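Given next are the chains, with one letter for each unit.
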Amino acid sequence: MKRIYLVLLMYAVLQTSCTESFEIETIDFENVLVVEGTITNEMKHQLVKLSRTSPINEPGGFKEHNATVIVSGSDGSTYSFLEEGDTGDYYSTIAFEAASNVFYSLTVTTQSGEQYTSSEVTLPQTVAIDNVYAELITKDGEQGVSVFVDTQDPTGNAKYFRYEYEEIYKVIVPYPTSYYASIENFNVQNDTYDVVTTPREPEEVCYSTVSSTGIIQTSTTELTDNQVLRFPVRFIPATNSILRDRYSILVKQYIQSIEAATFYKIIKELGSVESLLSQGQPGYVAGNMTAVGDPSKKVLGFFEASSFTSERIYFNYSD
């Protein structure tokens with residue numbers, strides 16, 4: 001009798017403790033400008049991204065169009081940016097590189113006339129990557145290839161490092177076809193159609209390029225030696241098809257200020273599952289952008305000057 005009672009009790013608990021699905025709704029939404037801008041010591045057309053926040057049920061954000069974007073330097077230099085298409089990506093009209101001992105600020109004037117400006121930023125010390133290498137390891141019980149980075153700054157001035165990567169992998173098609181195939185003369189009533197084939201030159205080898213997403217960063221503030229050793233930038237499971245033939249990765253290193261590193265760290269923590277479910281999470285992350293004439297007006301994002309270096313490695317599956 002006791003066993004039957006326990007079974008019924010457990011069944012009742014399971015029945016009453018099930019979670020119910022619900023539709024996420026935005027209760028209070030603020031349309032806020034989002035600014036993402038990093039200028040580096042690399043000679044190129046620098047990039048500033050502008051967008052708007054969006055309701056939680058419409059992820060992805062809205063691009064900010066027709067804005068006036070200007071970067072000004074304490075040495076009297078001025079650089080204008082223009083939007084590329086309708087992407088919200090604003091590129092400098094001329095290629096330039098951030099110079100040492102020059103303070104830069106970003107000014108954004110939206111199509112509606114709102115103006116935002118950043119605090120002044122300057123280029124941190126440049127630190128070259130010492131080594132980028134790949135090793136076969138086992139991570140969380142899964143075998144794969146991990147790409148590591150080693151770097152150091154004997155002066156101790158550079159302590160905050162952010163990484164991005166761009167990977168290119170080679171694909172050799174095992175069964176290339178010599179024809180294009182298309183369906184024509186489809187008849188809905190009879191459910192009939194014609195398959196038309198057209199001769200083609202088979203492509204046996206192709207390449208694909210993928211850029212990293214998310215925030216990858218580390219610091220040496222809690223280390224006795226100011227060096228980054230065996231920092232994992234990328235882990236690829238051995239079963240991933242991108243390793244099947246030949247693989248290449250370009251690792252990009254950015255030296256950050258403490259303000260920029262802190263901002264990115266908070267954004268990363270807010271994007272994790274643990275922080276989103278935690279008790280104390282801030283609803284607004286202040287960067288170094290402010291609204292001209294109304295400092296209380298919210299604006300998201302950060303404008304930074306960052307020292308940049310990169311290194312690329314290649315390896316085959318057999319390696």
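Numbers given for residues are sequential positions, taken from 1 along each chain in its written order. pLDDT decides what is reported in this predicted model: residues at 70 or higher carry local features, side-chain atom pairs at 80 or more are listed and counted, and totals for whole chains, interfaces and linings draw on all residues regardless. With hydrogens and water excluded, all non-hydrogen atoms of the structure serve as input to the side-chain values.

## Considerations on the environment of V233
Put simply, DSSP H or I for four residues or longer makes a helix, DSSP E for two residues or longer makes a strand, and each gets a number counted from the N terminus. Within the secondary structure, V233 sits in strand β17 (residues 227-237). With a relative accessible area of 7%, V233 lands in the buried category. Once the C-alpha coordinates of V233 and K252 are considered, the two residues, 19 residues apart in sequence, prove to be 9.9 Å apart. Aside from chain neighbours lying at most four places away, what touches V233 is V147, V149, Y163, Y165, I216 and V251. To sort residues, take the accessible area from a 1.4 Å probe on protein chains only and compare it with the maximum for the residue type: under 20% means buried, over 50% means exposed, and anything in between is partly exposed. Residues are treated as being in contact if the distance between any of their heavy atoms lies within 4.5 Å.

## Comments concerning the sheet that holds strand β11 (residues 142-152)
Strand order in the open sheet formed by 3 strands is β10-β11-β17, with antiparallel pairing between adjacent strands. For this open sheet the edge positions go to β10 (129-139) and β17, each flanked by a neighbour on one side alone. Looking at each pair of strands side by side, their axes are set apart by 25 degrees on average, direction ignored. At least two DSSP bridges between two strands are required for those strands to pair. Think of each axis as a best-fit line through the C-alpha atoms, taken over the contacting stretch in the case of a helix, with angles from 0 to 180 degrees between the N-to-C directions.

## Quick notes on the packing of aromatic side chains
Aromatic rings considered in pairs are described by the distance between their centres and by the relative angle of their planes. Within 6.5 Å between ring centres, the rings of Phe, Tyr and Trp (the latter by its six-membered ring) count as paired, and their orientation is classed by plane angle as stacked under 30 degrees, edge-to-face over 60, tilted in between. If you walk through the whole model with that rule in mind, you get 9 aromatic pairs. Ring geometry for Y247 against F315: centres 5.2 Å apart, planes inclined by 45 degrees, an arrangement best described as tilted. Placement of the pair is Y247 in strand β18 (residues 246-255) and F315 in strand β20 (residues 300-316), with a sequence separation of 68 residues. Feature note: the residues Y79, F81 and F96 constitute an aromatic cluster, connected by ring pairs. In this arrangement the basic side chain of R162 is found over the ring face of Y254, its NZ or CZ atom lying 4.6 Å from the centre. Only when the NZ atom of a Lys or the CZ atom of an Arg is both within 6 Å of the ring centre and within 35 degrees of the ring normal do we say a charge sits over the ring. In this arrangement the basic side chain of R230 is found over the ring face of F148, its NZ or CZ atom lying 4.2 Å from the centre.

## Digging into the pattern of salt bridges
Working definition: two side chains of opposite charge can pair if their charged atoms are close together. A carboxyl oxygen of Asp or Glu within 4 Å of a side-chain nitrogen of Lys or Arg is what we treat as a salt bridge. Under the counting rule described, the total for this entry stands at 10 salt bridges. Ionic pairing is found between R234 and E167, a salt bridge with its closest N-O pair at 3.1 Å. Separated by 67 residues along the polypeptide, R234 in strand β17 and E167 in strand β12 (residues 160-172) bring together distant segments of the chain. With relative accessibility at 17%, the residue R234 sits in the buried group. Put simply, D245 and R244 hold a salt bridge, and the shortest N to O gap is 3.5 Å. Residue R244 is classed as partly exposed on the basis of its relative accessible area, which comes to 42%. Salt bridges sharing partners connect three or more residues here, namely R52, E64, E114 and K297.

## Looking at the nonpolar core
Buried Ala, Val, Leu, Ile, Met, Phe, Trp, Tyr and Cys residues that are joined via side-chain atoms within 4.5 Å together make up what is termed a nonpolar core. Among the nonpolar cores identified, the biggest contains 25 residues, and V69 and L106 are the most heavily contacted of them. Not counting the four nearest positions on each side in its chain, L106 is found in contact with V35, V48, V69, I70, V71, Y116, T117, S118, M289 and F303. Within the second largest apolar cluster, 24 residues are counted, among which are Y163, Y169, L243 and V251.

## Comments concerning the pairing of strand β14 (residues 192-199)
As defined by bridge partners, strand β13 (residues 179-187) adjoins β14 across 7 bridges and the pair is classed as antiparallel. Paired with Y179 across the bridge in β14 is P199. Connecting β13 to the antiparallel partner β14 that follows it, the hairpin turn spans 4 residues, and D191 within it adopts a positive phi of roughly 55 degrees.

## Some thoughts on the environment of V48
Counting through the fold element by element, V48 comes out in strand β2 (residues 47-52). C-alpha separation for the pair V48 and E83, spaced 35 residues apart in sequence, amounts to 9.1 Å. Beyond its immediate chain neighbours, meaning those up to four positions away, V48 contacts V35, E36, G37, V69, F81, G88, D89, Y90 and L106.

## Section: the pairing of strand β4 (residues 68-73)
Of the two faces of β4, the one lined by V69, V71 and G73 is fully buried and the one lined by T68, I70 and S72 carries no buried residue. Where β4 and strand β7 (residues 103-109) come together, 6 bridges link them in antiparallel fashion. For I70, the partnering residue across the bridge sits in β7 and is T107. In terms of strand pairing, β4 meets strand β5 (residues 78-83) through 4 bridges, oriented antiparallel. Bridge pairing in β5 places V71 opposite Y79. The hairpin formed by β4 and β5 contains 4 residues between the paired strands, and G76 there has a positive phi angle of roughly 95 degrees.

## Quick word on the confidence of the model for the chain
pLDDT runs from 0 to 100 and stands for how confident the predictor is about each residue. Across the chain, the average pLDDT comes to 86, with 85% of residues at 70 or higher. In the model, residues 1-18 has pLDDT below 50 throughout and makes 0 contacts with residues more than four positions away in sequence or in other chains. Contacts of residues 273-282 to residues separated by more than four positions or lying in other chains number 8 contacts, the stretch itself having pLDDT below 50.

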